[in-house]
Amino acid sequence: MDIKQIIKQEIADALKILGEHPSIDENDTPSNTAQAIYYGCPGTGKSYEVKSIAEGVADDEGHIDGWKTIWFERDAPYKKVDGPTDDKLKKGLTNNIFRTTFHPDYDYATFVGSYKPIKNDTDLIDYQFVPQVFTNAYITALRHPDDPVYLIIEEINRGNCAQIFGDLFQLLDRDEQGESVYPIEPDTELAKYLKSLQDVPYDELKLPHNLHIYATMNTSDQSLFPMDSAFKRRWAMEYMPINYEHPKASRFEITIAGNKYLWVEFLKMVNEMILDATSSEDKQMGEFFIKSDISEKEFTNKVMFYLWNDVCKDLYNPHHVSSTYFMRIEKPKQDEKEYFTFAELFGPRNDGSRLLVGFINYLRKKYQDKHPDTVIPDARAESAEPAASASTYSVEND
């Protein structure tokens, strides 16, 4: 690399520290960004966003909108084929999308590949290099330079990124064309495997411009292996905010004791309490924390369990309950404590779902006290017709 390239890269690195991404033009769309991490609280549609970029998605009626998956033959000459509709045909093909999910036990061998015992044609055990998701995506991108290839990493912050990427970390520095600035020499096992393919370079590794690496990161997870700033600044960071006005999520309803409550209205109220209790947006819930209408049982075991386990449990002590502990009911009986625990939702104290109903009423009162000019809708009886428009039940933000 000449001195001009070195200086140019040093300037680019400095700009990244300041939050700029010189390798991504202002007119670039997400689909041609070299690598990006989509982050936000749980349920904000991070995985859905990545899927829509790489694949295209189906609408509510099942119609495919912009189907983007590209299919290839598995064997040489690896020709592109028209999108198969038969699952049997798909088994004999590969495509341009590769997925993996990081976790605490995930390592370099799981990401790149390693030698494993394989039974050969004579039923004897032989040791062969078995490529994993990174290597498979890398090879596909090299073989099809005119087509985008996507490596999608879910929950990137749950794994030890330094251990998983190893010296591949150096490849994440991309130039303006999307290629790695600093090639690396592959380890002996990987080099030998690449050489055996006979149609890809094997003496150095360099990410091609058409290999896009997209990751999701749930900010509510307390990662065992925090990502350092040197790693994060090599990615475009795309924040996914909560969207209380999402046309699909705004129609979701919670059924409790025969009454229906709009999910997004509950979400606005409880998220404000989460923010007050934790002084952080990370533990708030997104509009797609649930995927559709939910029953009381589902609400209890999914939503209330999350509120207890991830937010309220650390605020609770039977001898001293924090003032920010918000699992409470609006009108307790005489000599009854105002607060309740998750376990009590399964006991006699919750007969008739009174704790859940009282909890929602408590949230409504707190929200109303803080936002006196808002109109908060009442629950709709299960037998009643739904509103013509979800906006009928919308809480107006002041």
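Let me begin by describing the structure that accompanies this report. Note that the coordinates shown come from a computational prediction; the quantities given were computed from them, not determined experimentally. (Residues numbered from 1 in each chain as written. Predicted model: local features only at pLDDT ≥ 70, side-chain atom pairs only at ≥ 80, totals over all residues. Heavy atoms only, no water.)

1. Considering the pairing of strand β8 (residues 113–119)
Part 1 of the argument: Here β8 pairs with strand β9 (residues 125–131) via 7 bridges, running antiparallel. Paired with K119 across the strands is I125, a residue of β9.
Part 2 of the argument: Counting the residues that bridge the hairpin from β8 to β9 gives 5 residues, and of these D123 lies at a positive phi of roughly 65°. (Pairing = 2+ DSSP bridges. Helix = DSSP H or I, 4+ residues; strand = E, 2+ residues; numbered from the N terminus.)

2. What to know about the packing of aromatic side chains
Part 1 of the argument: The final tally for this structure, using the stated rule, is 28 aromatic pairs.
Part 2 of the argument: Consider the rings of F134 and Y138, whose centres lie 5.9 Å apart with planes at 15°: the pair is stacked. Linking F134 with Y138, this pair stays in helix α5 (residues 133–143), spanning 4 residues, or about one helical turn.
Part 3 of the argument: A cation sits over an aromatic face here: R143 above Y78, 3.8 Å from the ring centre.
Part 4 of the argument: For the cation-ring pair, K302 lies above F289, with the distance from its terminal atom to the ring centre recorded as 4.9 Å. (Phe/Tyr/Trp six-rings, centres within 6.5 Å; stacked < 30°, edge-to-face > 60°. Lys NZ or Arg CZ within 6 Å of the ring centre and 35° of its normal.)

3. Points about the sheet that holds strand β10 (residues 149–154)
Adjacent strands of a sheet form backbone hydrogen bonds with each other and so pair up, either parallel or antiparallel.
Part 1 of the argument: With parallel pairing, the 5 strands of this open sheet are ordered in space as β7-β10-β11-β1-β12. Edge positions in the sheet fall to β7 (97–101) and β12 (236–239), since each has one partner strand and no second. Each neighbouring strand pair of the sheet contributes to a mean axis angle of 20°, computed without reference to strand direction.
Part 2 of the argument: Sitting on the sheet, helix α2 (residues 46–54) touches β1 (35–40), β7, β10 and β11 (211–218), and the angle it makes with β11 is about 165°. (Axes fitted to C-alpha atoms, helices over the stretch in contact; angles between N-to-C directions. Contact = heavy atoms within 4.5 Å.)

4. Re the side chain of E287
Part 1 of the argument: Within the secondary structure, E287 sits in the loop between α9 (263–278) and α10 (296–312).
Part 2 of the argument: Beyond its immediate chain neighbours, meaning those up to four positions away, E287 contacts G43, T44, P241, I242, N243, H246, A249, F252, W263 and L267.

5. Some points on helix α7 (residues 188–197)
Part 1 of the argument: Where α7 is concerned, the buried positions are L190, A191, Y193 and L194. Across the axial projection of α7, the buried residues extend over an arc of 165°, all falling on one side. In α7, those exposed residues whose orientation departs by more than 90 degrees from the buried face are T188 and K192.
Part 2 of the argument: Against β9 and α5 lie the buried residues of α7.
Part 3 of the argument: Of the residues flanking the end of α7, it is Q198, one or two places downstream, whose phi is positive at about 70°. (Buried < 20%, exposed > 50% of the residue type's maximum accessible area, 1.4 Å probe, protein only. Arc of directions from axis to C-beta.)

6. Focus on the pattern of salt bridges
Part 1 of the argument: Taken as a whole and assessed by the stated rule, the structure comprises 15 salt bridges.
Part 2 of the argument: Among the ionic pairs, E179 bridges to K206, the shortest N-O distance being 3.9 Å. Remark: K206 occurs in the loop between α7 and β11 and E179 occurs in the loop between α6 (161–165) and α7; sequence separation between them is 27 residues.
Part 3 of the argument: The salt bridge involving E272 is made with K370; its shortest N-O contact spans 4.0 Å. Highlighted residues: E272 in helix α9 and K370 in helix α11 (residues 354–370), separated in sequence by 98 residues.
Part 4 of the argument: According to the relative accessible area criterion, K370 is partly exposed, its value standing at 46%.
Part 5 of the argument: Counted as one network, the salt bridges with shared partners bring together E336, K337, E344, R349 and R354. (Salt bridge = Lys/Arg side-chain N within 4 Å of Asp/Glu carboxyl O.)

7. Concerning the side chain of D173
Part 1 of the argument: Along the chain, D173 falls in the loop between α6 and α7.
Part 2 of the argument: Within the structure, D173 has its side chain in polar contact with the side chain of R234 (distance 3.1 Å). (Polar contact = N/O pair within 3.5 Å; in protein donor to acceptor, adjacent residues only side chain to side chain.)

8. Digging into the packing of α5 against α7
Part 1 of the argument: The interhelical angle for the contact between α5 and α7, taken along N-to-C directions, is 35°, at an axis separation of 13 Å. The chirality of how α5 crosses α7 is right-handed. Seen from α5, the contacting residues are T135, I139 and R143; seen from α7, they are L190, Y193, L194 and L197.
Part 2 of the argument: Of the residues in the contact of α5 with α7, the class split is 5 nonpolar, 1 polar and 1 charged. (Left-handed = near helix turned anticlockwise from the far one by under 90°. Nonpolar A, V, L, I, M, F, W, Y, C, P; charged D, E, K, R; others polar.)

9. Topic: the nonpolar core
Part 1 of the argument: Among the nonpolar cores identified, the biggest contains 47 residues, and W263, F266, M285, V303, M304, L307 and F326 are the most heavily contacted of them.
Part 2 of the argument: For this core, the secondary structure elements donating two or more residues are β13 (253–256), α9, α10 and α11.
Part 3 of the argument: Top contributing element to this core by residue count: α9, with 9 residues.
Part 4 of the argument: Each residue touching F326, except ones within four places of it in the same chain, is listed here: V270, M273, I274, A277, L307, V311, C312, F359 and Y362.
Part 5 of the argument: Ranked by size, the runner-up nonpolar core spans 37 residues in total, among them I37, V133, A141 and C161. (Core = buried A, V, L, I, M, F, W, Y, C linked by side-chain atoms within 4.5 Å.)

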